[in-house]
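Close look at the chain arrangement
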Amino acid sequence: CRALGIGPSHELVVVHVGAGNEFRRWPEASFAEVATALAAGSPNRRIILTTGSAQAPRAEAVRRLAIGLGMDPGAVAVACDLDLGELRGLVSRARLFLGGDSGPAHVASTTATPMVVLFGPTTAAVWGPWRDGRTSTETVDAGELPCRPCDQRVCEPGDFRCLRGIGADMVMAAAARAMEKGRASGVEPV
């Protein structure tokens, strides 16, 4: 963790910005806006942007955008290419996991860490990570759309409205609820 600039006293938020399928990639600017707001919530909070090596430039872009929005460069780090055990360990220590409907969200669901999962073309009812009822999980989507769920091959309207319809304000409200439920349940990061 020292390589990420975090110590034992830092409160972590893991934000997974990657997805192998473009139909599941929330906009970089939206991730940056939420990361900046989450960092502003506590001077001791550190935002760790995760993704695989193929999408490392995406994570760096989110980091640059967040810094451009006023985030302290020391409050955000990029961690690419973590193996499953490393990712799970990092999430286990975090106050919150935020990411799209992807494999890392399912890895995060094996921890007690509160989660916010974004659903674009898929639905939480079918693809949501399984967790016991004691663990805080918030799902966010753009609501009912005639093209959703889709087969993720061709965006019929061509505008990815299922992702772009998820506002940063919606995600921030879900993050606040998830963290509050996590605190109320007494679940503490390891």
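Residues numbered from 1 in each chain as written. Predicted model: local features only at pLDDT ≥ 70, side-chain atom pairs only at ≥ 80, totals over all residues. Heavy atoms only, no water.

**What about the overall build of the protein?**
Quick note on the threshold: Runs of H or I in DSSP of at least four residues are treated as helices and runs of E of at least two as strands, each being numbered from the N terminus. For this measure, only C-alpha atoms enter the radius of gyration; the expected value for a globule follows 2.2 Å times N^0.38, where N is the number of residues. Exposure categories follow from relative accessible area, calculated using a 1.4 Å probe and restricted to protein chains: below 20% of the type maximum is buried, above 50% is exposed, and the middle band is partly exposed. Contacts are assigned to residue pairs that have any heavy atoms within 4.5 Å of one another. Accessible areas in this description were obtained via Shrake-Rupley with a 1.4 Å probe; residue shielding takes into account the shown protein chains only. Note on charges: Lys and Arg go in the positive column, Asp and Glu in the negative column, and His and the chain ends are not counted at all. We put the charge of a Lys on NZ, of an Arg on CZ, of an Asp on CG and of a Glu on CD.
Counting its secondary structure elements, the protein contains seven helices and six strands. Its helices and strands taken in sequence order, the protein reads β-α-β-α-β-α-β-α-β-α-β-α-α from the N to the C terminus. Relative to the globule expectation of 16 Å for 190 residues, the C-alpha radius of gyration of the protein, 15 Å, shows essentially globular dimensions. Across its three principal directions, the C-alpha atoms of the protein cover 45 × 35 × 30 Å. The buried share among the 190 residues of the protein stands at 51%. Taking the intrachain contacts of the protein between residues at least 6 apart in sequence as the baseline, contacts between residues at least 24 apart amount to 66%. Total accessible area on the protein is roughly 8900 Å²; 54% of this is exposed by carbon and sulfur atoms. The positive charge centre, built from 20 side chains, and the negative charge centre, built from 20, are 4 Å apart in the protein.

**A word on unusual backbone geometry**
Look at the link from Arg148 to Pro149: it is a cis peptide, with omega at 0°. Look at Asp81: it is not a glycine, yet its phi comes out positive at around 65°. Along the chain, the position of Asp81 falls in the loop between strand S3 (76-80) and helix H3 (84-93). For Asp81, a relative accessible area of 53% puts it in the exposed group. The phi torsion at Phe160 lies on the positive side, around 50°, for a residue other than glycine. As for its position among the elements, Phe160 is in the loop between strand S6 (137-141) and helix H6 (161-164).

**Examining the nonpolar core**
What counts here: We call a set of buried residues a nonpolar core when its members are Ala, Val, Leu, Ile, Met, Phe, Trp, Tyr or Cys and they connect through side-chain atoms within 4.5 Å of each other.
Residues Leu38, Ile47, Val116, Leu118 and Val171 are the most contacted members of the largest nonpolar core, which totals 34 residues. Excluding residues that lie within four positions of it along the chain, Leu118 makes contacts with Trp26, Phe31, Leu98, Gly99, Gly100, Asp101, Val140, Ile166 and Val171. Listed in part, the 17 residues of the second largest apolar core include Ile6, Leu12, Val91 and Phe97.

By themselves, these figures tell us nothing about what the structure is for.
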